[in-house]
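This is what each chain is made of:
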Amino acid sequence: MGLLSDPNRRRALISLLTRLNAPICVVCYMAGVAWFMGLAFEPFTLRTYMSENAMGSTMVEERFPAGERALATGREFAAHKKKAGGMPVDWLVKTMQSHGLEVFTQRFSRTLPFPDENKERYMVKGTNVYGILRAPRASRTEALVLSAPCTPGDNNNQAVGLLLGLAQYFRSQVFWAKDIIFLVNEHDLIGMQAWLEGYHHTNTTGMDWSPLQGRGGSIQAALSLELSSDVITSLDLVLEGLNGQLPNLDLVNLFYAFCQKIGVLCTTQGKLQRNDWDSVSGYSHAVQTMMLMVMKQASGRSWGDHGLFLRYHIEAATIKGINSFRQYKTDITTIGRLMEGMYRKLNNLLERLHQSYFFYLMPSLSHFVSIGYYMPAFGLLAVILLLRALDLWVQLTAPPPRTEDGVVDPEQMSSPGVLSVLTPLVISHLTGVALYTLPIRFQEMAVEHFPVSETEAVVLTAIAVYTAGLALPHNTNRLLSGGGTEQGWKVLKLVAVLYLAVLLGCTALINFSLGFILAITLVPVAAFVTPHVPKFPSAFVMIVLSPACTLLFSVFFFQELQEMPISFLDGWMLYLSVISQGILDHCLYGSLVYPLIALLVYPCWLIFWNILFWK
């Protein structure tokens with residue numbers, strides 16, 4: 001404290017930080033990136049462990065015997081689905097009732113803001129069917145959910161068959177202390193959203209759905225099952241939910257513990273765990289797995305039906321069966337025993353899962369990186385913004401330099417007008433509002449005047465508004481105020497740097513992956529852009545590091561991580577599809593990534609663009 005309370009020492013410290021500002025910023029940036037890359041090295045990670053005492057042991061005897069019957073039920077479900085041209089509601093209701101469940105249906109409909117060309121749908125109508133197994137040994141105040149989506153074609157029929165087989169088997173057991181809800185939802189996330197809104201008496205997305213006639217207790221946990229083959233080689237655990245939310249780590253630990261006990265190969269991000277962590281290939285594999293999780297989490301979309309449960313504080317995950325070229329095969333009976341074991345342990349819960357981590361990254365299922373380990377990497381990047389803000393503040397508060405005859409330069413004495421600083425801020429944010437609102441509102445006009453579909457009109461309008469924004473802010477100062485001062489751009493940059501620091505900090509607390517990726521690209525721009533750097537090279541670098549180009553690079557990088565490289569043309573088409581899906585996810589499910597980019601990140605970047613062309 002003496003260092004800061006002593007005026008002389010404080011001035012010396014500030015002088016040191018301002019004199020070495022640029023080298024310190026470069027070192028912090030390199031250290032932040034190196035810290036993040038080192039997180040995948042196994043000695044720097046923590047081994048997963050069970051924190052919840054009620055689930056601390058896997059000593060339950062799994063006896064599920066009806067794998068072949070479940071496959072037969074799945075084939076029967078597929079035949080009725082093909083005959084009905086969709087969800088075989090009547091057959092499902094009759095089958096669940098024959099298993100002794102209380103069966104209910106829910107109808108829903110939703111008109112999308114523009115057609116979803118990936119799944120070829122616009123006006124969506126469907127029915128959810130769910131059966132409730134009432135708890136025979138408790139007051140029915142808590143519940144667990146097992147769901148399986150009804151998807152088009154031959155996909156996921158085995159999952160529905162296993163769900164019905166488990167329902168029949170669970171009905172014969174007497175130790176259940178929680179209601180178990182068996183849900184078959186139509187139209188994937190849209191159907192799941194309708195069911196969750198109906199279950200919790202909320203309507204946050206404007207969807208039309210019929211009220212639920214039957215409910216269980218407060219939902220403690222949920223698992224979504226996706227199987228499309230009679231035999232599988234491994235089970236992949238999908239964790240990433242809406243807006244980057246993750247389930248409690250104990251749910252991951254429970255899945256991994258039972259996979260180890262029963263002898264099922266398990267993966268995360270489709271990657272098997274490797275033991276050669278001390279080799280280059282082993283470390284590269286861990287980095288690849290962790291980066292896949294970072295990219296998925298940063299997208300803000302739900303990567304399975306489980307993702308919508310997380311917004312209701314329900315711990316959930318999706319278990320996906322993979323049938324690949326591996327020789328190791330697992331039958332449906334084994335998967336049924338795995339699900340039985342997990343639900344029996346969840347049945348023992350006395351309270352919601354809360355003792356383990358909610359913020360983590362996973363280079364493998366047996367190791368994780370906690371928030372206390374990965375936040376310093378972001379902190380090293382964020383401190384660059386604070387150092388630049390300190391440097392600008394010292395420059396603004398320092399007395400103006402005098403000439404040899406003792407006269408102060410009048411330009412250095414002139415203080416910036418409020419309008420000259422406020423105008424770029426307002427115009428930049430108005431451009432962001434246009435980027436957020438115009439694509440959907442102008443799609444009909446674009447379709448009338450151009451030979452494009454509604455989806456193409458939305459995406460191209462967004463790109464057009466984004467590009468047009470580059471021409472707006474850097475002329476506003478000259479047009480409205482007649483020119484800016486040297487002090488003016490420093491004040492504007494000080495405001496923009498602090499604004500970006502708060503924005504990235506808040507984003508990283510909610511979705512670390514998104515905040516870190518934005519920091520990697522925006523912090524260099526914020527740190528070193530001034531009106532005095534070469535215009536054209538700096539403008540090129542700024543465009544390369546802009547949010548739109550960051551998204552484009554992320555598309556190609558994600559494909560490389562999945563070991564599915566694509567050509568530039570295919571990548572561009574996928575990039576346009578990602579934009580349309582981001583807007584749809586916001587309108588349908590409440591994803592926050594698109595409004596965050598349009599209303600906050602892009603305007604902040606435009607302010608630095610304005611500073612580069614400051615007159």
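The structure displayed is predicted, hence computed values, not measured ones. (Residues numbered from 1 in each chain as written. Predicted model: local features only at pLDDT ≥ 70, side-chain atom pairs only at ≥ 80, totals over all residues. Heavy atoms only, no water.)

Examining the pattern of salt bridges
- One pass over the structure, following the stated rule, counts 10 salt bridges.
- Asp-230 is the salt-bridge partner of Arg-75, the closest N and O atoms lying 3.9 Å from each other. Note that Arg-75 is positioned in helix α4 (residues 67-84) and Asp-230 in the loop between β7 (218-226) and β8 (231-232), a separation of 155 residues in sequence.
- In this structure Arg-75 comes out as partly exposed when scored by relative accessible area, which is 48%.
- Owing to a relative accessible area of 32%, Asp-230 belongs among the partly exposed residues under this scheme. (Salt bridge = Lys/Arg side-chain N within 4 Å of Asp/Glu carboxyl O. Helix = DSSP H or I, 4+ residues; strand = E, 2+ residues; numbered from the N terminus. Buried < 20%, exposed > 50% of the residue type's maximum accessible area, 1.4 Å probe, protein only.)

Regarding the sheet that holds strand β1 (residues 46-47)
- Taken in spatial order, the 3 strands make up an open sheet running β1-β14-β13, and their pairing is antiparallel. Two strands bound the open sheet, and with one partner strand each, they are β1 and β13 (360-364).
- Across 2 bridges, the pairing between β1 and strand β14 (residues 367-370) is antiparallel. Looking across to β14, one finds that Leu-46 is bridged to Phe-368. (Pairing = 2+ DSSP bridges.)

A few points about a negative patch on the surface
- Together, Glu-117, Glu-120, Glu-444, Glu-448, Glu-454 and Glu-456 give the surface a local cluster of negative charge.
- As for its position among the elements, Glu-456 is in helix α15 (residues 454-469).
- For Glu-456, a relative accessible area of 38% gives the class partly exposed. (Patch = residues over 30% accessible without salt bridge, like charges linked within 9 Å, V, L, I, M, F, W, Y side chains within 5 Å. Areas by Shrake-Rupley, 256 points an atom, 1.4 Å probe, with all protein chains shown as cover. Lys, Arg positive; Asp, Glu negative; His and termini not counted. Charge placed at Lys NZ, Arg CZ, Asp CG, Glu CD.)

Quick word on the sheet that holds strand β9 (residues 234-238)
- If you trace the 9 strands from one edge of the open sheet to the other, you get β6-β2-β3-β5-β4-β7-β11-β9-β10, paired in mixed fashion. Strands with a single pairing partner mark the edges of an open sheet, and in this sheet they are β6 (208-209) and β10 (266-268).
- Pairing analysis gives 5 bridges linking strand β3 (residues 121-133) to strand β5 (residues 179-186), with the strands arranged antiparallel. From the neighbouring strand, Ile-132 faces β5, where its bridge partner is Ile-181.

Some remarks on the nonpolar core
- Counting residues in each nonpolar core, the largest one holds 116 residues, and the members touching the most others are Phe-36, Trp-195, Phe-309 and Phe-608.
- Element by element, the count of residues in this core is highest for helix α22 (residues 593-612), at 14 residues.
- When neighbours within four sequence positions are excluded, Phe-309 is seen to be in contact with Val-145, Met-192, Trp-195, Leu-196, Ala-222, Ile-314 and Ala-316.
- Core analysis: the next-biggest nonpolar cluster, separate from the first, contains 71 residues, Leu-133, Leu-225, Leu-227 and Leu-251 among them. (Core = buried A, V, L, I, M, F, W, Y, C linked by side-chain atoms within 4.5 Å. Contact = heavy atoms within 4.5 Å.)

What about the pairing of β13?
- With 5 of 5 residues buried, β13 is to be regarded as a mostly interior element.
- Sheet topology places β13 next to β14; 3 bridges connect them, and they run antiparallel. Counterpart to Ser-364 in the pairing with β14 is His-367.
- Hairpin geometry of β13 and β14 is characterised by an intervening segment of 2 residues between the two adjacent antiparallel strands.

Quick notes on the side chain of Lys-81
- Residue placement: Lys-81 occurs in helix α4.
- Of the side chains bearing the opposite charge, Asp-154 lies closest to the buried Lys-81, which forms no salt bridge; the N-O distance is 6.1 Å.
- A distance of 2.8 Å separates a polar side-chain atom of Lys-81 from the backbone oxygen of Thr-151.
- Look past the residues within four positions of Lys-81 in its chain and what remains in contact with it is Gly-86, Pro-88, Cys-150, Thr-151, Pro-152, Gly-153, Asn-155 and Asn-157. (Polar contact = N/O pair within 3.5 Å; in protein donor to acceptor, adjacent residues only side chain to side chain.)

Description of unusual backbone geometry
- Located in the positive-phi region is His-187, a residue other than glycine, with phi close to 60 degrees.
- In this fold, His-187 is placed in the loop between β5 and α7 (188-200).
- Take His-187: its relative accessible area is 23%, and that puts it in the partly exposed class.
- A positive phi is found at Glu-563, a non-glycine position, where the angle reads about 60 degrees.
- Mapped onto the fold, Glu-563 is located in the loop between α20 (547-561) and α21 (568-589).

With respect to the packing of α20 against α21
- Orientation of α20 relative to α21, taken along the N-to-C sense of each, is 120 degrees, at an axis distance of 10 Å. Crossing angle aside, the handedness with which α20 passes α21 is right-handed. In this structure, α20 contributes Ala-548, Leu-551, Leu-552, Val-555, Phe-556 and Gln-559 to the contact, and α21 contributes Phe-568, Gly-571, Trp-572, Leu-574, Tyr-575, Val-578 and Ile-579.
- The class makeup of the residues in the contact of α20 with α21 is 11 nonpolar, 2 polar and no charged. (Axes fitted to C-alpha atoms, helices over the stretch in contact; angles between N-to-C directions. Left-handed = near helix turned anticlockwise from the far one by under 90°. Nonpolar A, V, L, I, M, F, W, Y, C, P; charged D, E, K, R; others polar.)

Overview of the state of the cysteines
- Inspection of every chain in the model, using the stated rule, returns 0 disulfides.
- Between Cys-28, a cysteine without a disulfide, and Cys-25, which holds the nearest cysteine sulfur, the sulfur-to-sulfur distance is 6.6 Å.
- Of all cysteine sulfurs in the structure, the one in Cys-604 sits closest to Cys-506, which takes part in no disulfide; the separation is 12 Å. (Disulfide = S-S within 2.5 Å.)

Concerning the environment of Gly-85
- Tracing the backbone through its elements, the reader meets Gly-85 in the loop between α4 and α5 (89-98).
- Judged by its relative accessible area of 70%, Gly-85 falls in the exposed class.
- For the pair Gly-85 and Pro-152, spaced 67 residues apart in sequence, the C-alpha to C-alpha distance is 8.9 Å.

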